[in-house]
Amino acid sequence: MISNFSLSELTSLLAKQKITVVNYQTSDKGIRHLEVAARIVNQKVRLILESNPQNAELPCVFLYPPEIGYMVAHISECGNICYNDNEGIGFDPNNQTRLVFDVINDCIKILDNGLNNKAANKFDDFFNEFEGYWNNTEKCLGVNLHCPPSELNHLCAQAIGTGKNLRILGIGNIKAPRASNSYLIPVIFRKIDHLPPPHKKVLPIEKWLNDIYESPVEKKLNIEKTGRRIILFQTSRPKGGFSLFGILLENKQKKSSRKHVLLVTPLSINRCWRDFLLERGATTNIALKTVLVGCGALGSRIADMLVLSGIQNLTLIDNDILKYENVFRHVNGRNDSGLLKVKALKRELEIKRPGVCITAIVDKGLHWLNSLQSLTDYDLIILATGNMPMERVFFQQAYQRNQKARLCSTWLEPLGLGGHVVQSISGTKGCLECLFTSIEGQALQSSRGAFLEPNQKITRNLTGCGGAFTPFTSIDVMKTVILTLDVILSEFYGYCAWIGRSSEVVSSDLTTTSLFKGLIAKGQTELKIPYNEIAQLGCQCCDS
């Protein structure tokens, strides 16, 4: 909570900058309203600061009169000064005097720079920020654009309602599926080299449009009576990239005079196509044709993270049904209980993440593998079934094909002991089966990397045999998911594990392996061994 505010100290600090306090309103928590006057580039201006000290947030600052800020970067049509983007902000919440002084100074600098540029007819900074300015114009409607703008795309908008109830559902390719009860509005896409010259005070959009088309826009576009059109504009930004903004044109008839009037509404364009959204997520499209076998608690989280990481083509394989009792372990929730996991997961991912191509195959992993003529149709196969005997056979059969295939197996230890990942390329040494091969070249019952001794009962059940489950938490799952994605995206080949806690294992009278005890004794939390160091002579998979 902000405190330690001194009006006299603030007034003194501002006076040194030739800024005068005109009006104020305080509370026991600090300043709530402040008006100051200053002279900037030979103009008298006022700044109005509104603050809620209890929220420990940066105050809002407005320029008065707002017309002074027209065509000045970082100042909206209503005079709101954007002095901070609120990303990674840092200030002392216990010294509001200093905070308010610094904020006013930042706003003065923005005004001084902007008004000087405006006086010199330099508008590059404003045009760099034009999209944000446009989006804050009065009565601006937000519209989602679902594909990159291009003269090659035949765009249209889907809308429902009319007048004040008009709602534009989005702009996309004309072949996109239609929403029920919607109608189409034609979209005209136009690139313009530069924005029209500024007018004196405010943005008269109709005149601005006529400047672009060099004639009355309704005649130029042949807008029919009571018709609608959307114009989508793209213009280059001086610092690179481009701005997008739109206009809805409606030709309506007045009831009183029966004359037709052109209604112009500014549109804010939300960029919703895949490549832009991925860039916002600090990633890019990853061209890996990926297969995920197993869509349970671990597999469903891996699928979600794969898509978030940029994987576009993903095939899901599982033949199990999502049970209600697992909704706290699975990506899908209770509404999908009783449905096939692959189909429910496919729908979930495609709804949440645009532009992904998900294929759902209801099958068992080995049956699917044996039905394939070639593994080369896929770049990566991930096994997350929790069925280690099946996954060992899967690796062996994939290796026997003598086709290069990238294989990854990932699994969890119970009770928070840890998680494991093995990744290899078929035909190369160092694979999953190597972990089940002794130094003498003999097959082992359990993995050399296991954290629990074999032949112990680890499952629990709350309702009888039919309700048996392996105990692990969602945090354990996410740790394993993150490790798996790190191995995949970094293209590490070999074996990795994260090492967890042993308290629950001890209380459950289970015995951990000497490997786990040694890692805990050393204080290790991760294990990473390259493929050539896990390779074993006599391995039935990679050394046969």
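Residues numbered from 1 in each chain as written. Predicted model: local features only at pLDDT ≥ 70, side-chain atom pairs only at ≥ 80, totals over all residues. Heavy atoms only, no water.

Draft legend 1. Geometry of the packing of helix α8 (residues 297-308) against helix α9 (residues 341-352). The contact between α8 and α9 brings their axes to 11 Å, and the two run at 25°. As summarised for this structure, α8 and α9 are arranged roughly parallel, according to the angle between their axes. In the packing of α8 onto α9, the handedness of the crossing is right-handed. In this structure, α8 contributes S300, A303, D304 and V307 to the contact, and α9 contributes L345, L349 and K352. For the contact of α8 with α9, the residue count by class is four nonpolar, one polar and two charged. (Axes fitted to C-alpha atoms, helices over the stretch in contact; angles between N-to-C directions. Helix = DSSP H or I, 4+ residues; strand = E, 2+ residues; numbered from the N terminus. Parallel < 35°, antiparallel > 145°, perpendicular 65-115°, else oblique. Left-handed = near helix turned anticlockwise from the far one by under 90°. Contact = heavy atoms within 4.5 Å. Nonpolar A, V, L, I, M, F, W, Y, C, P; charged D, E, K, R; others polar.)

Draft legend 2. How the structure looks around the packing of aromatic side chains. If you walk through the whole model with that rule in mind, you get twelve aromatic pairs. Ring centres 5.1 Å apart and planes at 50° place the aromatic pair W134 and F245 in the tilted group. Of this pair, W134 sits in helix α4 (residues 130-135) while F245 sits in strand β10 (residues 242-253), placing them 111 residues apart in sequence. In this structure, W134 and F245 share a single accessibility class: buried. Ring pairing ties together the aromatic residues Y70, F123, F126, F127, F130, Y133, W134, F233 and F245, which thus form one cluster. Here the guanidinium or amino end of R329 rests over the ring plane of F472, the centre of that ring lying 4.0 Å away. Its end group placed over the ring of F492, K528 keeps NZ or CZ at 4.8 Å from the ring centre. (Phe/Tyr/Trp six-rings, centres within 6.5 Å; stacked < 30°, edge-to-face > 60°. Buried < 20%, exposed > 50% of the residue type's maximum accessible area, 1.4 Å probe, protein only. Lys NZ or Arg CZ within 6 Å of the ring centre and 35° of its normal.)

Draft legend 3. Just the sheet that holds strand β14 (residues 357-361), in detail. Reading across from one edge, β14-β13-β12-β15-β16-β17-β20-β21 is the order of the eight strands in this open sheet, with mixed pairing throughout. Each edge of the open sheet is held by one strand with a lone partner, namely β14 and β21 (526-530). Strand-to-strand twist in this sheet, taken as the mean axis angle between neighbours without regard to direction, amounts to 15°. With four bridges joining them, strand β12 (residues 290-293) and strand β13 (residues 313-317) adopt parallel strand pairing. (Pairing = 2+ DSSP bridges.)

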